[in-house]
Every structure is written in C-alpha cells, then in structure tokens.
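These are the residues of each chain, in order.
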Amino acid sequence: MSPKHTAIIVILLISAAGLTTLFSHSERIKPNRPFSQFPLELGPWRGLTSQMDEKVYNILGVEDYIMANFSKGPGQAVNIYVGFYQSQSKGDLIHSPKNCMPGAGWNIVQSSVIPIDLPKSGKTIKIARLLLNKDGQKQVVYYWFQSRGRIISSEYMQKILLVLDSITKNRTDGSFVRLIAPVIKNETETEVLLTQFADEVYPTLNQFIPN
C-alpha cells in the first residue's frame, strides 16, 4: 500500500473516530492494579519513583501512571514511564514522544522500528526506537503502545486500532510505555541495557495493563 493510500485511510478512520465519539460511549476500563503498587525491585534492578509536573499531568490527560528511574549498577540506569488512559474517546489521546521530545529540546537523529527478544516472556515484540541528541548528549528511547491486548509500535496503527476497537469492543483504553537510557559508551551497549530492562519489566506490565 502506498503512503498516499495509507494517509487517506488514516484520515477516514480518524474522522470515523469523531463520529464514534458522538454516537457511542466507550467503557472506561481501569488498570488491573493501581500503578502506585508498581514494584521497585525487578530482578537485579532497583527503582526510585518520581512525580510528574501538575501542568504536564493535566496536558497528558492520563488516569494513572508510573515514572521511575531503575538501576542495576553504575552507569546502568533506565527511566521508565507508563501512562494509562481509561478512555480516549473524550480527546485525551496518547501523546507520541516524536512530538514531545523536540518540544523539550531533544533532536530526533534516528527513528526506526526494531524487534526485541523477551526471553522471560518467551516472545519477541516490535517496538519504536529513537536516537536523541541535545547539546552533544545522546539518549536512546524505546517505546510502544500496549493497548487492549496488543503491542503496537506505530502511531498510525495505534489510531486505526483505537477506532476499530471503539466500534467492535466498546473500548478506547490504552497505555503508553517509554524507556530511556543515556548513551554513555556507545549506542549498542545502551540498546542492550534497554532490552534487558524491557525483558525484566514486561511481565510486570501485564499485571497492571488490562488485555
């Protein structure tokens, strides 16, 4: 399918989403457990939570979230943010870091979709990867949309499935998972660290995010 055709389909589906919002009421789904219960010990990783600025919280429109820094040794730290939305039918849509990061001064150097192996869960998932640069400092970002039993790496597909699920499942709940680590030695080592943490945290995410 050509990019033009894909764009047309997305526009039509987003328009349909507006109509769906007007003529139906999606069910407000709660997380399986409140994120205040998110464990701060995950295998060799130890975490410390932080709070979101109130203005940012109001802009994002999340109902629940976890934001924490996890570390398993010197120079081995990962920041995790998971935002949970009970319903996206009222305009509180999941924000993409492709929009938020540049606003915070980070330049997107690379953007791609990559597979990562999760041995503890016995699966491989596709996630979005960003390489960021700000004043000579680099970060690698892993993120995905974990919504209604799916792992989604594309913002466009996230919107398409949101519309379809609002019609067929009466659900518009969803979660956004973001992992960030600074590049200390090289990008490869940073990606290995992020993948190791993703493998450790993924089973725990499934305890909080409804399928």
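On a predicted model such as this, the values are computed, not experimentally measured, just so you know.

A. Highlighting the overall build of the protein chain. Of regular secondary structure, the protein chain possesses 5 helices and 9 strands. Going from the N terminus to the C terminus, the protein chain shows its helices and strands as α-β-β-α-β-β-α-β-β-β-β-α-β-α. Residues counted as buried form 45% of the 211 residues belonging to the protein chain. Across the protein chain, the fraction of contacts at a sequence separation of at least 24, relative to all contacts at a separation of at least 6, is 64%. For the protein chain, the accessible surface area stands at approximately 11,000 Å², while carbon and sulfur atoms represent 55% of it.

B. Geometry of the pattern of salt bridges. One pass over the structure, following the stated rule, counts 7 salt bridges. For the salt bridge of Glu191 with Arg129, the shortest nitrogen-to-oxygen distance reads 2.5 Å. With Glu191 in helix H5 (residues 187–208) and Arg129 in strand E6 (residues 123–134), the pair connects residues that are 62 residues apart, well separated along the chain. As a salt-bridge pair, Arg171 and Asp173 come within 2.8 Å of each other at their nearest N and O atoms. Residue Asp173 is classed as buried on the basis of its relative accessible area of 1%. Several salt bridges share partner residues, and in doing so they unite Arg129, Lys138, Glu187 and Glu191 into one network.

C. Molecular detail of the nonpolar core. If you look at the biggest cluster of nonpolar residues, it comprises 32 residues, and the most contacted ones within it are Phe38, Leu179 and Phe197. The set of elements that each furnish at least two residues to this core consists of strand E3 (64–71), strand E4 (77–85), strand E5 (107–118), E6, strand E7 (137–147), strand E9 (174–182) and H5. For this core, the element with the highest residue contribution is H5, accounting for 8 residues. When residues no more than four places from it in sequence are discounted, the contact partners of Phe38 are Ile66, Phe70, Val201, Thr204, Leu205 and Phe208. The next biggest cluster of nonpolar side chains, apart from the first, holds 20 residues, and it includes Met101, Leu132, Val141 and Phe145.

D. Up close: helix H4 (residues 155–168). Relative to the 20 Å expected for 14 residues at 1.5 Å per residue, H4 spans 20 Å between its end C-alpha atoms, a close match to the ideal helical length. If you check which residues of H4 are buried, you get Glu155, Gln158, Ile160, Leu161, Leu162, Val163, Asp165 and Ser166. For H4, the N-terminal cap is Ser154; the gap from its side-chain oxygen to the backbone nitrogen of Tyr156 is 3.2 Å. A positive phi of about 60° marks Asn170, the residue just after H4.

E. Representation of H5 within the structure. Here H5 contains 22 residues, and its C-alpha end-to-end distance of 30 Å stays within 8% of the 32 Å for a straight helix at 1.5 Å per residue. Bending of H5 peaks at approximately 35° at the position of Val201, with proline Pro203 no more than four residues after it. Looking at where H5 begins, the residue whose side-chain oxygen comes 3.2 Å from the main-chain nitrogen of Thr188 is Asn186.

F. Summary view of the side chain of Ser175. On the secondary structure map, Ser175 appears in strand E9. Owing to a relative accessible area of 0%, Ser175 belongs among the buried residues under this scheme. Setting aside residues no more than four positions away along its own chain, Ser175 makes contact with Gly83, Phe84, Ile94, Trp144, Phe145, Gln146, Ser147 and Ile209.

Conventions and cut-offs
- Residues numbered from 1 in each chain as written.
- Predicted model: local features only at pLDDT ≥ 70, side-chain atom pairs only at ≥ 80, totals over all residues.
- Heavy atoms only, no water.
- Helix = DSSP H or I, 4+ residues; strand = E, 2+ residues; numbered from the N terminus.
- Buried < 20%, exposed > 50% of the residue type's maximum accessible area, 1.4 Å probe, protein only.
- Contact = heavy atoms within 4.5 Å.
- Areas by Shrake-Rupley, 256 points an atom, 1.4 Å probe, with all protein chains shown as cover.
- Salt bridge = Lys/Arg side-chain N within 4 Å of Asp/Glu carboxyl O.
- Core = buried A, V, L, I, M, F, W, Y, C linked by side-chain atoms within 4.5 Å.
- Expected span 1.5 Å × (residues − 1).
- Polar contact = N/O pair within 3.5 Å; in protein donor to acceptor, adjacent residues only side chain to side chain.
- Bend = angle between axes of the 7 residues up to and from the residue.

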